[in-house]
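Take a look at the letters that make up each chain.
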2 protein chains.
Amino acid sequence: MTPQLVAGLEPPYYTAVFTSVRPDAPEGYAETASRLQEVVSAVPGFLGYESARTPGGIGITVAYFRDLESLDAWRLDAEHRAAKEHGREHWYESYSVHIGRVERSYGFERE
Amino acid sequence: MTPQLVAGLEPPYYTAVFTSVRPDAPEGYAETASRLQEVVSAVPGFLGYESARTPGGIGITVAYFRDLESLDAWRLDAEHRAAKEHGREHWYESYSVHIGRVERSYGFERE
């Protein structure tokens, strides 16, 4: 199946860019990631996310939100916070989060 | 060598998030990507970039710029534009670009 990008976003919206360095498959990571996908999908104003990870390299996840309120609801979610704390203790060597307001976007799709 | 994230960014700055679907190693891609890394590194106000790609999945590149002027200088660069046109014709199934103004960022690094 061809991977799909998040499409149809109308500015303004917000991006939460999460970049990280961690081992390839740490214990418990896949289960937590799967659960957090369910949680974020239920946040009002969540518009979708994309994730990529180079084996042996870094990972980048971009989550799209309608406004800062929806992004903050996700940021402050109890399960999300617990997972981040666990991740700092057990999984990540480093990570960065960049919260951006998108005023301009464009795309291409092969016909 | 442990991969490194771009660090030390002070808001406000801009992120250009480029997400794409393409075959794993199309002809000519690596050479063009390598050349464009040289070009973007010479753009005044360019602060760094990160890139990840899941084999068989999507690719995400995030480039960081001091302001919209530096981002536009990159967007309008002749080699960059020629590469994007070539990419639309030969490499990409789809891509999206999201230009965001970052007011807030934070990070974690294991001690």
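These figures come from a predicted structure and were not determined experimentally.

Engineer: Please set out unusual backbone geometry residue by residue, giving values where relevant.
Structural biologist: That bond from Pro 11 of chain A to Pro 12 of chain A is cis: its omega, 0°, falls within 30 degrees of zero. Relative to the helices and strands, Pro 12 of chain A is located in the segment before β1 (13-21).

Engineer: An account of the sheet that holds strand β4 (residues 94-109) of chain B is requested, with residue identities and associated values reported.
Structural biologist: What holds strands together in a sheet is hydrogen bonding between their backbones, with the strands either parallel or antiparallel. In space, the eight strands of this open sheet follow the order β2(A)-β3(A)-β1(A)-β4(A)-β4(B)-β1(B)-β3(B)-β2(B), with antiparallel pairing throughout. One side of each edge strand has no neighbouring strand; the edge strands of this open sheet are β2 (46-53) of chain A together with β2 (46-53) of chain B. Each neighbouring strand pair of the sheet contributes to a mean axis angle of 25°, computed without reference to strand direction. Relative to strand β3 (residues 59-65) of chain A, β2 of chain A runs antiparallel, the two being bridged by seven bridges. Residue Gly 48 of chain A lies in a different strand from β3 of chain A, and its bridge partner there is Tyr 64 of chain A.

Engineer: Report on the packing of aromatic side chains, specifying residues and quantitative values.
Structural biologist: One pair of aromatic rings is described through two measures. These are the centre distance and the angle between the planes. Counting across every chain of the model gives 14 aromatic pairs over all chains. Ring geometry for Phe 46 of chain B and Phe 65 of chain B: centres 5.6 Å apart, planes at 65°, overall edge-to-face. In this pair, Phe 46 of chain B is assigned in strand β2 and Phe 65 of chain B in strand β3 (residues 59-65), connecting sequence segments 19 residues apart. Both residues of the pair, Phe 46 of chain B and Phe 65 of chain B, count as buried. On the numbers, 5.4 Å between centres and 80° between planes, the contact of Tyr 92 of chain B with Tyr 95 of chain B is edge-to-face. Assigned by exposure class, Tyr 92 of chain B and Tyr 95 of chain B land together as buried. A cation over an aromatic ring shows up here: Arg 22 of chain A above the ring of Tyr 29 of chain A, its NZ or CZ 3.8 Å from the ring centre.

Engineer: Please provide a residue-by-residue account of the packing of helix α1 (residues 29-41) of chain A against helix α3 (residues 78-90) of chain A, values included.
Structural biologist: Residues and elements named next belong to chain A. Between α1 and α3, the least distance of the axes is 10 Å, while the angle of their chain directions is 155°. Classified by the interaxial angle, the pair formed by α1 and α3 is roughly antiparallel. For the pair α1 and α3, the crossing hand works out as left-handed. Between α1, through Thr 32, Arg 35, Leu 36 and Val 39, and α3, the contact on the second element is made entirely by Glu 79, His 80 and Ala 83. Here the residues of the contact of α1 with α3 sort into three nonpolar, two polar and two charged.

Engineer: Outline the environment of Arg 88 of chain A, supporting the account with residue identities and numerical values.
Structural biologist: Inspection of the secondary structure assignment puts Arg 88 of chain A in helix α3. What makes Arg 88 of chain A partly exposed here is its relative accessible area of 31%. As a C-alpha pair, Arg 88 of chain A and Gly 57 of chain A span 31 residues in sequence and 18 Å in three-dimensional space. Apart from residues lying up to four places away in sequence, Arg 88 of chain A is in contact with Tyr 95 of chain A together with Phe 108 and Arg 110 of chain B. A distance of 2.8 Å separates the side chain of Arg 88 of chain A from the side chain of Tyr 95 of chain A, its partner in a polar contact.

What counts as what
- Residues numbered from 1 in each chain as written.
- Chains lettered and ligands numbered in written order.
- Predicted model: local features only at pLDDT ≥ 70, side-chain atom pairs only at ≥ 80, totals over all residues.
- Heavy atoms only, no water.
- Helix = DSSP H or I, 4+ residues; strand = E, 2+ residues; numbered from the N terminus.
- Pairing = 2+ DSSP bridges.
- Axes fitted to C-alpha atoms, helices over the stretch in contact; angles between N-to-C directions.
- Phe/Tyr/Trp six-rings, centres within 6.5 Å; stacked < 30°, edge-to-face > 60°.
- Buried < 20%, exposed > 50% of the residue type's maximum accessible area, 1.4 Å probe, protein only.
- Lys NZ or Arg CZ within 6 Å of the ring centre and 35° of its normal.
- Parallel < 35°, antiparallel > 145°, perpendicular 65-115°, else oblique.
- Left-handed = near helix turned anticlockwise from the far one by under 90°.
- Contact = heavy atoms within 4.5 Å.
- Nonpolar A, V, L, I, M, F, W, Y, C, P; charged D, E, K, R; others polar.
- Polar contact = N/O pair within 3.5 Å; in protein donor to acceptor, adjacent residues only side chain to side chain.

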